[in-house]
Amino acid sequence: MSTTEDSGSIEPATIAPLQNIVQRNQVWPVMAAKYGVENPVPPWKTSLDGLCDALDHAACDADIPSFKERRDEEDVLSATVYSSLPYPESQLVSLAHSLVARGVIDDAELQQRLTSIRARLEA
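Residues numbered from 1 in each chain as written. Predicted model: local features only at pLDDT ≥ 70, side-chain atom pairs only at ≥ 80, totals over all residues. Heavy atoms only, no water.

**Describing the overall build of the chain**
Item 1. Within the chain, the regular secondary structure consists of 6 helices and 0 strands.
Item 2. Once local pairs closer than 6 in sequence are excluded, the contacts in the chain between residues at least 24 apart make up 62%.
Item 3. Put simply, the chain shows about 7,500 Å² of open surface, and 55% of that area lies on carbon and sulfur atoms. (Helix = DSSP H or I, 4+ residues; strand = E, 2+ residues; numbered from the N terminus. Contact = heavy atoms within 4.5 Å. Areas by Shrake-Rupley, 256 points an atom, 1.4 Å probe, with all protein chains shown as cover.)

Below is the structure:
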């Protein structure tokens, strides 16, 4: 998967690990209710914000989108491929989609990281 050179947009192809998240409806309001958590902000939101800040500073790398490119891609993906997810989940999976599409991380590595996180949560 790659960017479309003339428009600069990310192809809306399916990325299996992200589609699994959408299909499972693993969104913070559902998970918080399941585990009795009252905080409306997911615990990973701060990490997501920090990652976005780091990407904005690393945008000089050819594979890393600029702030505007990243936000435009997130907006398009959030409104199309991930429209069934609420914010900030839509931002998170849209960012992951963009990074996979650009080859910064591949599907297998993304799945391995998700599996590792799930194992820690379920321990």
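From this point, the narrative continues.
**Description of the nonpolar core**
Item 1. Counting 19 residues, the largest nonpolar core has Leu18, Tyr82, Leu85, Val93, Leu95 and Leu110 as its most contacted members.
Item 2. Counting residues per element, the ones that place at least two in this core are α1 (16-24), α3 (45-57) and α5 (89-101).
Item 3. If near-sequence neighbours (up to four positions away) are discounted, Val93 is found in contact with Leu18, Ile21, Tyr82 and Leu85. (Core = buried A, V, L, I, M, F, W, Y, C linked by side-chain atoms within 4.5 Å. Buried < 20%, exposed > 50% of the residue type's maximum accessible area, 1.4 Å probe, protein only.)

**Some words on the environment of Asp75**
Item 1. Here Asp75 is to be found in helix α4 (residues 67-79).
Item 2. Each C-alpha atom, one on Asp75 and one on Ser90, is 9.0 Å from the other, the two residues being 15 residues apart in sequence.

**Here's the deal with the packing of α3 against α5**
Item 1. Two elements in contact, α3 and α5, have axes whose closest approach is 11 Å; the angle formed by their N-to-C orientations is 40°. When you trace α3 past α5, the crossing you get is left-handed. Residues Lys45, Leu48, Leu51, Cys52 and Leu55 of α3 lie in contact with α5, whose contacting residues are Gln91, Leu92, Leu95 and Leu99.
Item 2. Residue classes in the contact of α3 with α5 are distributed as 7 nonpolar, 1 polar and 1 charged. (Axes fitted to C-alpha atoms, helices over the stretch in contact; angles between N-to-C directions. Left-handed = near helix turned anticlockwise from the far one by under 90°. Nonpolar A, V, L, I, M, F, W, Y, C, P; charged D, E, K, R; others polar.)

**Section: the side chain of Lys45**
Item 1. Here Lys45 is to be found in helix α3.
Item 2. Since its relative accessible area comes to 14%, Lys45 is described here as buried.
Item 3. Setting aside anything within four residues of it in sequence, one finds Lys45 in contact with Tyr87, Pro88 and Gln91.

**Topic: the confidence of the model for the chain**
Item 1. Per-residue pLDDT for the chain averages 84, and the proportion of residues at 70 or more is 86%.
Item 2. For residues 1-8, every residue scores under 50 in pLDDT, and the model assigns this stretch 13 contacts once sequence neighbours within four places are set aside. (pLDDT = per-residue confidence, 0-100.)

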